[in-house]
Every structure is written in structure tokens, then in C-alpha cells.
Amino acid sequence: MSGLWEYFECQRCGKCCEAIGLPWDPARTEEIASFLNISVEELMERYYGRLSPDGEAWELEDHKRTPCPFLRSEGDKKACAIYPVRPEGCRLYPFETDFGRQGVDCPGADIAFEKSSQNDQTTSDEDKSFTRVGLLKLPFDEEYLAGPIAFVVLGGHSIKSIEGEEYRCLSAECRTYEELEFQIRFLRDNLDQIAEEGKKFFQKEFERREKWREGRRIKKE
Ligand code: SF4
Ligand code: SF4
């Protein structure tokens, strides 16, 4: 099966930079400041947030970072004004957007999905087996003394990459047949409960993340 990423081409629409904004990357603040020929304090103040009243920490302010202040227009395309020193999160685009989540409808991902599904229609029967629930088998590797490992997988598009291919994983990895049996039985018997737990988990964690976003502080060096 072809990996989804081989079809991905960024359309330079800038939607991700507009919606997600300038990522915070402490490892790159000095590099970005030096690239802009300003001090780290100036960088923080102008593009990230404000100093707390006690002067001990930086409080992030989303209105300074979102949309990203470094997004520029180049004709009908967008460009990054600090491209050589951009934060790590930007280097992960569109992985960072998780295929259109985080409020980003990434056209590059849409094109990749379309091309990939067209290709899926012409792949062999063996490849097609991964367009449904199936088993991904990684045999014992003599060189690395790894495996065997089996994954219960769903579909050909995905979130998780295994051995360079893209799959949506249903289960944790299984290292013995007993583990595999257990995972399948567990999934079958507990799907409703897992869905309910998952729902609560996401609700709680999204709320926690929002609260954190509102009140986060970065300790001043
Ligand atoms: S949203 Fe997708 S296509 Fe648009 S700039 Fe971001 S990665 Fe590229
Ligand atoms: S720093 Fe550049 S790549 Fe990162 S969000 Fe801003 S404009 Fe986009």
C-alpha cells in the first residue's frame, strides 16, 4: 500500500499558521531573536506574551501569536518570514495539524487523501486487505533481534506510522498470539465502555488544555 505522505504537497495556503499560530518552542527563542536581530526579551514581548507583574515569568498571549505574526503573502501563496529558524511545531506541519484537526482544514491533506484513495482502487488484493480491519504482521528481524509483532489495524489512512506505512491503529501492539487474542476479545467486549471512557477523557483533557492556555506562564530565565 502506498503511504499517504508520498502524496502530500503543502499548498502554501497558510491556514495552519493562521489557525494554530506561532508555536512556543523554548529551544529556538535565541535563534529566532538573533535571526530578527532583536533580544529574546523583545521577541517574547512582541510575539509571545507579557511579563508577569512579579517579573518572574512570561504569560503567553494568544492574540499576539494567532494568526502567526510571521506569516507573509507571496503573490497568491503564503510564506514564513522566519522560515530558516521556525519553531519545531512548524516543521511538523501538516503532521501538527493531524490531518485537518485543531481547526485546520488542510487542502494539502485533502489532495493527499483523494490521490491516495484513487490509488487504493488500483492496488492489488493483498494491499486492499488493509482498507478494512485487518492484521499488520511484522516478522522476527534477525538483524535487530526485534519482533515478531502484530497490530490490529483499520483502514489505509492514518494517524500512526508503522514501518514507513500509514495505518489507523485499533489496538496496542501484540507480541504473542495470546496478547493478540486478548486484545481482540477485549476490544469486542468493551467497545461501548471504551467509547464512553474516551469521550470523557477528551472532554476533560480539552477543558484542561483550554484552562492551561488561558493561564499559562513561562518561567523567566
Ligand atoms: S494548511 Fe496544509 S496546505 Fe495549507 S499551509 Fe498548512 S500544511 Fe500547507
Ligand atoms: S513561524 Fe512560520 S511556519 Fe511557523 S506558524 Fe509562523 S508563519 Fe507559519
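Residues numbered from 1 in each chain as written. Chains lettered and ligands numbered in written order. Predicted model: local features only at pLDDT ≥ 70, side-chain atom pairs only at ≥ 80, totals over all residues.

**Section: the overall build of the chain**
Step number 1: Regarding its fold elements, the chain presents 8 helices and 9 strands.
Step number 2: When each of the 221 residues of the chain is scored for burial, the buried share is 15%.
Step number 3: Restricting to contacts in the chain with at least 6 residues of sequence separation, those with at least 24 account for 56%. (Helix = DSSP H or I, 4+ residues; strand = E, 2+ residues; numbered from the N terminus. Buried ≥ 20, exposed ≤ 12 C-beta atoms within 10 Å, placed from the backbone. Contact = placed C-beta atoms within 7 Å.)

**Topic: the confidence of the model for the chain**
Step number 1: For the chain, the mean per-residue pLDDT works out to 77, and 69% of the residues sit at or above 70.
Step number 2: In the model, residues 122-130 has pLDDT below 50 throughout and makes 8 contacts with residues more than four positions away in sequence or in other chains. (pLDDT = per-residue confidence, 0-100.)

**Quick look at the site of ligand 2**
Step number 1: Around ligand 2, the structure places Cys17, Leu22, Cys68, Phe70, Leu71, Cys80, Ile82, Arg86, Pro87 and Cys90.
Step number 2: Across the shell around ligand 2, the residue classes break down as 9 nonpolar, no polar and 1 charged. (Near = placed C-beta within 6 Å. Nonpolar A, V, L, I, M, F, W, Y, C, P; charged D, E, K, R; others polar.)

**A few points about unusual backbone geometry**
Step number 1: Across the junction of Thr66 and Pro67, the peptide omega takes the value -5°, indicating a cis bond.
Step number 2: Summarising the element assignment, Pro67 is placed in the loop between α4 (62-65) and β3 (71-74).
Step number 3: You will see that Arg12, though not glycine, has its phi angle at about 55°, which is positive.
Step number 4: A positive phi is found at Asn37, a non-glycine position, where the angle reads about 60°.
Step number 5: Along the chain, the position of Asn37 falls in the loop between α2 (29-36) and α3 (40-48).
Step number 6: Since 7 C-beta atoms lie within 10 Å of it, Asn37 is described here as exposed.

**With respect to the pairing of β3**
The side chains of a regular strand alternate between both faces of the sheet.
Step number 1: Here 4 bridges tie β3 to strand β4 (residues 77-80), and the two strands are oriented antiparallel to one another. Looking across to β4, one finds that Leu71 is bridged to Cys80.
Step number 2: The turn joining β3 and β4, which pair antiparallel and follow one another in sequence, is formed by 2 residues; a positive phi near 65° is taken by Gly75. (Pairing = 2+ DSSP bridges.)

**Observations concerning the nonpolar core**
Step number 1: Core analysis: the largest hydrophobic core is formed by 11 residues, namely Cys16, Cys17, Ile20, Leu22, Tyr47, Cys68, Phe70, Val104, Cys106, Ala109 and Ala112.
Step number 2: Of all the secondary structure elements, the ones that give two or more residues to this core are α1 (15-20) and α6 (107-120).
Step number 3: Those residues in contact with Cys17 that lie beyond four places of it in its chain are Pro67, Cys68, Leu71 and Lys78. (Core = buried A, V, L, I, M, F, W, Y, C linked by C-beta atoms within 7 Å.)

**Regarding the environment of Pro87**
Step number 1: Tracing the backbone through its elements, the reader meets Pro87 in the loop between β4 and α5 (88-91).
Step number 2: Sequence spacing of Pro87 and Pro26 is 61 residues, and the spatial spacing of their C-alpha atoms is 8.7 Å.
Step number 3: In contact with Pro87, not counting residues within four places along its chain, are Pro23, Asp25 and Arg28.

**Examining the environment of Phe113**
Step number 1: With respect to the helices and strands, the residue Phe113 is situated in helix α6.
Step number 2: Sequence separation between Phe113 and Phe8 is 105 residues, and the spatial gap between their C-alpha atoms is 8.5 Å.

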